[in-house]
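This is what each chain is made of:
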Amino acid sequence: MDRKRTARISEEIKKVIASSILNDLKDPRIANLTSVTNVELSNDGSYCKIYISVMGNEEEKANTIEGLNNAKGFLKRQISKNIDLRIIPDLNIIQDESIEESMNLFKLIDEVNEKNDE
């Protein structure tokens, strides 16, 4: 599959998954502050990595990932309803820590800047 096409499909899958998490999933394990940070689709379109960021403690993160893994069938149906694909990819839900890591870096930078100002 062409890289541009793969990127467009990945972006559409990201929109569908984000919308489904926000509006359609009723699982109480899924935290309110859950976002889809990235979607990587394989070249043949049969496999998809979905990176999820969850703001909260470790228990909320684990529960959210577990809830989303249990909802894979529903999410695949949502993708098939909203995107016309010949092959609906298998979903792999991965927890993304990049937002929290960047927040920690900004906090450390601010602390160093405050010490330098003194």
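Residues numbered from 1 in each chain as written. Predicted model: local features only at pLDDT ≥ 70, side-chain atom pairs only at ≥ 80, totals over all residues. Heavy atoms only, no water.

Chemist: So what exactly am I meant to see when it comes to the overall build of the protein chain here?
Modeler: Along the protein chain, the regular secondary structure elements total 4 helices and 3 strands. Listing each helix as α and each strand as β along the protein chain from the N terminus yields α-β-β-α-α-β-α. Taking 13 Å as the expected radius of gyration for a compact globule of 118 residues, we find that the protein chain reaches 17 Å, considerably beyond that expectation. Projecting the C-alpha coordinates of the protein chain onto the three principal axes gives extents of approximately 60 × 35 × 20 Å. (Helix = DSSP H or I, 4+ residues; strand = E, 2+ residues; numbered from the N terminus. Rg over C-alpha atoms; globule rule 2.2 N^0.38 Å.)

Chemist: Please clarify how the pattern of salt bridges should be interpreted in this entry.
Modeler: Pairs may arise between side chains of opposite charge once their charged atoms sit close together. By the definition in use, this model includes 6 salt bridges. Among the ionic pairs, Lys15 bridges to Glu12, the shortest N-O distance being 3.6 Å. Placement of the pair is Lys15 and Glu12 together in helix H1 (residues 3–24), with a separation of 3 residues, close to one helical turn. For Lys15, a relative accessible area of 48% corresponds to the partly exposed category. According to the relative accessible area criterion, Glu12 is partly exposed, its value standing at 36%. (Salt bridge = Lys/Arg side-chain N within 4 Å of Asp/Glu carboxyl O. Buried < 20%, exposed > 50% of the residue type's maximum accessible area, 1.4 Å probe, protein only.)

Chemist: It is not clear to me how the side chain of Ser42 should be interpreted in this structure. Could you clarify?
Modeler: The residue Ser42 is located in the loop between strand S1 (34–41) and strand S2 (47–54) in this model. At 2.7 Å, the side chain of Ser42 forms a polar contact with the side chain of Asp44. (Polar contact = N/O pair within 3.5 Å; in protein donor to acceptor, adjacent residues only side chain to side chain.)

Chemist: Where do I start with the side chain of Ser20 in this structure?
Modeler: Inspection of the secondary structure puts Ser20 in helix H1. Ser20 gets classed as buried once you look at its relative accessible area, which sits at 1%.

Chemist: How should I be thinking about the nonpolar core in this particular structure?
Modeler: Across soluble globular proteins, nonpolar side chains show a tendency to be buried alongside one another. Of all hydrophobic cores here, the largest spans 24 residues; its most connected members are Ile13, Ile17, Ile21, Ile50, Ile52 and Ile79. Elements represented by at least two residues in this core include exactly H1, S1, S2, helix H2 (58–70), helix H3 (72–82) and strand S3 (90–95). If one sorts the elements of this core by residue count, H1 sits on top with 5 residues. Dropping the residues within four chain positions of it, Ile52 is found in contact with Ile21, Thr34, Ser35, Val36, Thr37, Ile65, Leu68, Ile93, Ile94, Gln95 and Asp96. (Core = buried A, V, L, I, M, F, W, Y, C linked by side-chain atoms within 4.5 Å. Contact = heavy atoms within 4.5 Å.)

Chemist: How do you make sense of a nonpolar patch on the surface when you look at a structure like this?
Modeler: On the surface, Leu33, Met55, Ile99 and Met103 cluster together into a nonpolar patch covering about 340 Å² of accessible area. Tracing the backbone through its elements, the reader meets Leu33 in the loop between H1 and S1. (Patch = residues over 30% accessible without salt bridge, like charges linked within 9 Å, V, L, I, M, F, W, Y side chains within 5 Å. Areas by Shrake-Rupley, 256 points an atom, 1.4 Å probe, with all protein chains shown as cover.)

Chemist: Please clarify how the sheet that holds S1 should be interpreted in this entry.
Modeler: Across a sheet, paired strands are connected by hydrogen bonds in the backbone, their directions being either parallel or antiparallel. Across the sheet, 3 strands lie side by side as S1-S2-S3; this open sheet has mixed pairing. Edge positions in the sheet fall to S1 and S3, since each has one partner strand and no second. Neighbour-to-neighbour, the strand axes of this sheet turn through a mean angle of 25°, independent of strand direction. Helix-sheet contacts for H2 involve S1, S2 and S3, and the interaxial angle to S3 is about 175°. (Pairing = 2+ DSSP bridges. Axes fitted to C-alpha atoms, helices over the stretch in contact; angles between N-to-C directions.)

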